[in-house]
Number of protein chains: 2
Amino acid sequence: MISPMREAAIIGVGMAPVKSTSGKSLTELFMEAALEAINDAGVDRLDAVYVGNMMSGFLQHQEHLGPLMATALGQEGVPTYKVEGACASGGVAVNAGVKALLSGLDDIVLVGGVEKMSGFSTPEVTTGLMMAEDRLRVGATGITFVGLNAMIARAYMHKYKVPHEAIAQFPVLCHKNAMDNPKAAFHKLVSVDEVLKSPLVSDPLRLFDCSGIGDGSAALVLAPVEVAKKFTDTPVKIAASSVASDALSLYQRPDVTVFEGSRKASERAYALAHKKPEDVNLLDVHDAFSVLGVMALEDLGFARKGEGAKLLKEGQCERDGSLPTNTFGGLKARGHPVGTSGVYQIAELALQLTNRAGKCQVPHPSVGLSQSIGGIGGTVAVHIVERLD
Amino acid sequence: MISPMREAAIIGVGMAPVKSTSGKSLTELFMEAALEAINDAGVDRLDAVYVGNMMSGFLQHQEHLGPLMATALGQEGVPTYKVEGACASGGVAVNAGVKALLSGLDDIVLVGGVEKMSGFSTPEVTTGLMMAEDRLRVGATGITFVGLNAMIARAYMHKYKVPHEAIAQFPVLCHKNAMDNPKAAFHKLVSVDEVLKSPLVSDPLRLFDCSGIGDGSAALVLAPVEVAKKFTDTPVKIAASSVASDALSLYQRPDVTVFEGSRKASERAYALAHKKPEDVNLLDVHDAFSVLGVMALEDLGFARKGEGAKLLKEGQCERDGSLPTNTFGGLKARGHPVGTSGVYQIAELALQLTNRAGKCQVPHPSVGLSQSIGGIGGTVAVHIVERLD
């Protein structure tokens, strides 16, 4: 690689509220977030539209979301396509948008994630989620996506002798944070005890260990740093956009308690941004399941393996702690419309860094990091963002 | 936009034969093309893998093709994702790969298109193809994808007073060219008379007006121009990679006999490459239906509206003509595994430009142009390639 010749900034963000049932079409969902982002940026044109989505082909029998959305926005003509990386589809779509901008070919870029999961039966959605895994070798066994993550949780708890109580602090934190996020799907405090006593989904994972899927959309407007201040007084620089993969399936990995994709993507992101983990003071991680939130703290370099939950216990991940994490509620409580979460995360970091996070605001964030996971870690997108002053 | 700081070159190409039924999985198909391209390039590492595909979620219930394919290649770890733009998925995947390379972030990039359409009923595949259109507003009427193209053909023939006989020259040309392509799906000469007497599919389109779908995969290895000569004596420069969109649906367009996406994408490509249509002496266009091949000759700037078929009649599109077109058989006779065709086109242009096209070789090509269409022109990807001497 060589150093890109320019840098990308976020000049507008938009988010539709996450709902278990929105009553809206894919296009309506996308438009809600995209128009908010466009208005926030104050742009009167787009040079490109990139759409992150995982399940529209399977669930809605609708592909070609690029021109579908560009047309709805009145922007037919622009370069546009859909980008898919399972549950990290939003994260990798941002990566595609950033690369397009850094190439010099696109200047004002809209990146949006959209997913509509309501209106389908549990078997339908379960089959859809398993599209993230190798269908012929793993899906065909009948194991579910929660089941795969339960195997990770069991291995993690055993290897590092971490009790469920420790991991359960993650959803407790997220539910607390989501109370202040009007766009979150869930506004309900839960305790560690309630997590541990909630219905068993796939041993050892219980209901409150699992994020809630739903309908949602989030969008960013990107511009080159050098023009960003023309549009907003508070642009946010994307200091790094990094995607890494891992062997797709658990059986192909030497150690299922580490996501090598998280390590690789974050190591590259730190190098690109000239940052270290200790520079990060705002975090948004992919807590689709409680154990993934804890593992993220480790794999991204904030704690040693097996010690992620200590950060939670010490209060470091609270909004007034040293590493505020999932400050809008995370996948667990903001909600996880799968192909959108990677965009929600970055939109939330941008609001925090520009002091526009409302009741979710943390005191003085300067450097934020997001981690978006596809499948069981087969894809990981990491972004580092910082305020441009 | 600003000028990219470097240029992309093709250093390796690979193609699986197109078959109506391959008996291979998505992964096996992809590997066949990808390994051929990697061996052709002689690279021992990849920095990124981008996969073009339209229908795997709907047909195979398989998404997350990025790490699925990267893992199969032993390249787990690299940035990877799937790129989708309906039948132009291959073309837009190449665009994503080129932008990644031009950004400076990726150097050695594999771009592959893969599609497996065998093993499904006609209603299933028909529903799948209609994912390219707006399902709620157009798909719900029950019209098929062939039906939409038939409406275009009818409008075109009426507006420009072009008889079916003239349009039918396109499949005749493609079938003739495919006779020399061992990887083509069809090895059968057809005459204009046979096209006109073949079974009616959707009036006025008959069987031999329509390309054949199937299973296939094609791949390119890209590298920065400045290092390309380390790998091959015959690199091919990607002088332009351009994607444009149009209003997704026919009812949203003032004139269905023009693809504005083709015009916009090619105008930008000519500007990026500092070329004019008259500089192009090798062409590969998206002839999913005979009328689209004729329209492409016009919308890309080689003929006035209504006069595309004259080029065919004058023999300009023959291999020994001034504008050799679809020299390996095009979508019509090489075959059209939808998400792959945009990559096959560029691979074929690269073989021609490096004098490796075997019996399909044309005399002295120097500048090639490919046009890949998604849906009924909602997405168009245009690439201009030239030999690097």
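Before reading further, recall that the structure is shown in the block above.
Keep in mind the model is a prediction, meaning the values are calculated, not measured.

## A closer look at the overall build of chain A
Right, so step 1: If you tally the helices and strands in chain A, you get 15 helices and 11 strands.
Right, so step 2: For chain A, the C-alpha atoms occupy an extent of roughly 55 × 45 × 40 Å along the three principal directions.
Right, so step 3: Looking at chain A residue by residue over its 389 residues, the buried ones come to 71%.
Right, so step 4: Just so you have it, chain A exposes about 12,100 Å², and 53% of that area is on carbon and sulfur atoms.
Right, so step 5: Charged side chains of chain A number 36 positive and 42 negative; the gap between the two group centres comes to 3 Å.

## Some remarks on the interface of chain A and chain B
Right, so step 1: Counting residues at the interface gives 65 residues for chain A and 65 residues for chain B.
Right, so step 2: For the pair chain A and chain B, the two sides together bury roughly 5,200 Å², of which 58% comes from carbon and sulfur.
Right, so step 3: It is His64(A), Tyr81(A) and Leu105(A) that lose the most area in chain A upon contact with chain B, and together they represent 15% of the buried surface on that side.
Right, so step 4: The tally of links between chain A and chain B comes to 38 residue pairs in polar contact (both at pLDDT 80 or more).
Right, so step 5: Elements represented by at least two residues in the side of chain A that touches chain B include exactly helix H2 (56-59), helix H3 (65-72), strand S3 (80-84), helix H4 (89-102), strand S8 (236-245) and helix H11 (260-273) of chain A.
Right, so step 6: Per element, the largest residue contribution to the side of chain A that touches chain B is six residues, and it comes from H4(A).
Right, so step 7: In the side of chain A that touches chain B, the residues fall into 29 nonpolar, 22 polar and 14 charged.
Right, so step 8: Two strands pair when backbone bridges link them, and S3(A) and strand S3 (residues 80-84) of chain B are joined in this way by three bridges, in the antiparallel orientation. Note on S3(B): the bridge partner recorded for Lys82(A) is Glu84(B).

## With respect to the relation of the copies chain A and chain B
Right, so step 1: Each copy of the sequence occupies a distinct position, and chain A is placed on chain B by a rotation of 180 degrees and an axial shift of 0.0 Å, giving an RMSD of 0.0 Å. On this basis, the relationship between the two copies can be described by a two-fold rotation axis.
Right, so step 2: Counting the interface residues of chain A, we find that 100% of their copies in chain B are interface residues as well, pointing to one common contact surface.

## Let's talk about the packing of helix H6 (residues 145-160) of chain B against helix H12 (residues 290-299) of chain B
All names here are of chain B.
Right, so step 1: The N-to-C vectors of H6 and H12 enclose an angle of 60 degrees; their axes lie 10 Å apart at closest approach. When the axes of H6 and H12 are compared, the pair comes out oblique. Crossing of H6 over H12 shows left-handed handedness. Contacts between H6 and H12 involve Asn149, Ile152, Ala153 and Tyr156 from the first element and Val291, Leu292, Val294, Met295 and Glu298 from the second.
Right, so step 2: Residues belonging to the contact of H6 with H12 are distributed by class as follows: seven nonpolar, one polar and one charged.

## What to know about a nonpolar patch on the surface
Right, so step 1: Taken together, the side chains of Ile2(A), Met5(A), Ile2(B) and Met5(B) present a nonpolar region at the surface, about 270 Å² in accessible area.
Right, so step 2: Looking at the secondary structure, you find Ile2(A) in the segment before strand S1 (8-15).

## Some points on the pattern of salt bridges
Right, so step 1: By the definition in use, this model includes 48 salt bridges over all chains.
Right, so step 2: Between Glu36(A) and Lys183(A) there is a salt bridge, with its nearest N and O atoms 2.9 Å apart. In this pair, Glu36(A) is assigned in helix H1 (residues 26-41) and Lys183(A) in the loop between helix H8 (169-178) and helix H9 (192-197), connecting sequence segments 147 residues apart.
Right, so step 3: Residue classification places Lys183(A) among the partly exposed residues on the basis of a relative accessible area of 22%.
Right, so step 4: Residue Asp193(B) is joined to Lys197(B) by a salt bridge in which the shortest nitrogen-to-oxygen separation is 3.1 Å. With Asp193(B) and Lys197(B) both in helix H9 (residues 192-197), this residue pair falls four residues apart, about one helical turn.
Right, so step 5: A relative accessible area of 44% means that Asp193(B) is categorised as partly exposed.
Right, so step 6: Connected via shared salt-bridge partners are Glu7(A), Lys237(A), Lys275(A) and Glu386(A).

## Side note on the side chain of Thr354(B)
Residue and element names in this part refer to chain B.
Right, so step 1: Checked against the element boundaries, Thr354 lands in the loop between helix H15 (341-353) and strand S10 (367-374).
Right, so step 2: Within the structure, Thr354 has its side chain in polar contact with the backbone oxygen of Ala350 (distance 2.8 Å).
Right, so step 3: A polar contact of 3.1 Å, which involves the side chain of Thr354, links it to the side chain of Arg356.
Right, so step 4: Look past the residues within four positions of Thr354 in its chain and what remains in contact with it is Thr234, Val236 and Arg387.

## Overview of the packing of aromatic side chains
Each aromatic ring pair is summarised here by two numbers: the centre-to-centre distance and the angle between the ring planes.
Residues and elements named next belong to chain A.
Right, so step 1: Applying the stated criterion across every chain yields a total of six aromatic pairs over all chains.
Right, so step 2: Here the aromatic rings of Phe145 and Phe289 are separated by 6.3 Å at their centres, their planes lie at 50 degrees, and the arrangement is tilted. Note that Phe145 is positioned in helix H6 (residues 145-160) and Phe289 in the loop between strand S9 (282-284) and helix H12 (290-299), a separation of 144 residues in sequence. Assigned by exposure class, Phe145 and Phe289 land together as buried.
Right, so step 3: Seen from the ring of Phe186, Lys332 lies directly overhead, with NZ or CZ sitting 5.6 Å from the centre.

## Structural notes on the nonpolar core
Right, so step 1: In terms of nonpolar packing, the biggest core is built from 156 residues, with Ile10(A) and Ile10(B) touching the most fellow members.
Right, so step 2: For Ile10(B), the residues in contact, after removing those within four places along its chain, are Leu220(B), Val221(B), Leu222(B), Pro235(B), Val236(B), Ile238(B), Ile346(B), Ala350(B) and Val385(B).
Right, so step 3: Among the nonpolar cores identified, the runner-up in size contains 71 residues, and Met54(B), Phe145(B), Ala150(B) and Phe259(B) belong to it.

## Let's talk about the pairing of strand S11 (residues 379-387) of chain A
All names here are of chain A.
Right, so step 1: Burial within S11 is extensive, with eight of its nine residues counted as buried.
Right, so step 2: Examined bridge by bridge, strand S10 (residues 367-374) and S11 share eight bridges and lie antiparallel to one another. Bridging from a neighbouring strand, Leu369 pairs with Ile384 of S11.
Right, so step 3: What sits between the antiparallel neighbours S10 and S11 is a turn of four residues, in which Gly375 has the positive phi angle 65 degrees.

## Here's the deal with unusual backbone geometry
Right, so step 1: Omega for the peptide link from Asp203(A) to Pro204(A) comes to 10 degrees, which places this bond in the cis form.
Right, so step 2: Tracing the backbone through its elements, the reader meets Pro204(A) in the loop between strand S5 (200-202) and strand S6 (205-206).

## Some words on the pairing of strand S8 (residues 236-245) of chain B
Residues and elements named next belong to chain B.
Right, so step 1: Most of S8 sits inside the fold, with 10 of its 10 residues counted as buried.
Right, so step 2: Sheet analysis places strand S1 (residues 8-15) next to S8, joined by three bridges and oriented antiparallel. Bridge pairing in S8 links Ala8 to Ile238.
Right, so step 3: Relative to strand S11 (residues 379-387), S8 runs antiparallel, the two sharing nine bridges. Bridged to Ser245 within S11 is Thr379.

## Some remarks on empty space enclosed by the protein
All names here are of chain A.
Right, so step 1: Within the structure shown, the criterion is met by three cavities of 30 Å³ or more.
Right, so step 2: Of the pockets and cavities examined, the largest cavity occupies roughly 40 Å³.
Right, so step 3: Ile10, Ile11, Gly12, Val13, Thr232, Thr234, Val236, Ala350, Thr354 and Arg356 are the residues that line the largest cavity.
Right, so step 4: Of all the elements, S1 adds the most residues to the lining of the largest cavity, at four residues.
Right, so step 5: Taken together, the residues of the lining of the largest cavity break down into five nonpolar, four polar and one charged.

Thresholds, definitions, all that
- Residues numbered from 1 in each chain as written.
- Chains lettered and ligands numbered in written order.
- Predicted model: local features only at pLDDT ≥ 70, side-chain atom pairs only at ≥ 80, totals over all residues.
- Heavy atoms only, no water.
- Helix = DSSP H or I, 4+ residues; strand = E, 2+ residues; numbered from the N terminus.
- Buried < 20%, exposed > 50% of the residue type's maximum accessible area, 1.4 Å probe, protein only.
- Areas by Shrake-Rupley, 256 points an atom, 1.4 Å probe, with all protein chains shown as cover.
- Lys, Arg positive; Asp, Glu negative; His and termini not counted.
- Charge placed at Lys NZ, Arg CZ, Asp CG, Glu CD.
- Contact = heavy atoms within 4.5 Å.
- Buried area = accessible area lost by both parts, 1.4 Å probe.
- Polar contact = N/O pair within 3.5 Å; in protein donor to acceptor, adjacent residues only side chain to side chain.
- Nonpolar A, V, L, I, M, F, W, Y, C, P; charged D, E, K, R; others polar.
- Pairing = 2+ DSSP bridges.
- Least-squares fit on C-alpha atoms with pLDDT ≥ 70 in both.
- Axes fitted to C-alpha atoms, helices over the stretch in contact; angles between N-to-C directions.
- Parallel < 35°, antiparallel > 145°, perpendicular 65-115°, else oblique.
- Left-handed = near helix turned anticlockwise from the far one by under 90°.
- Patch = residues over 30% accessible without salt bridge, like charges linked within 9 Å, V, L, I, M, F, W, Y side chains within 5 Å.
- Salt bridge = Lys/Arg side-chain N within 4 Å of Asp/Glu carboxyl O.
- Phe/Tyr/Trp six-rings, centres within 6.5 Å; stacked < 30°, edge-to-face > 60°.
- Lys NZ or Arg CZ within 6 Å of the ring centre and 35° of its normal.
- Core = buried A, V, L, I, M, F, W, Y, C linked by side-chain atoms within 4.5 Å.
- 1 Å grid on protein atoms, 1.4 Å probe; cavity = no way out; pocket = protein on both sides within 12 Å on 5 of 7 lines; lining within 4 Å.
- Points joined across faces, edges and corners; volume = space filled by probe spheres on them.

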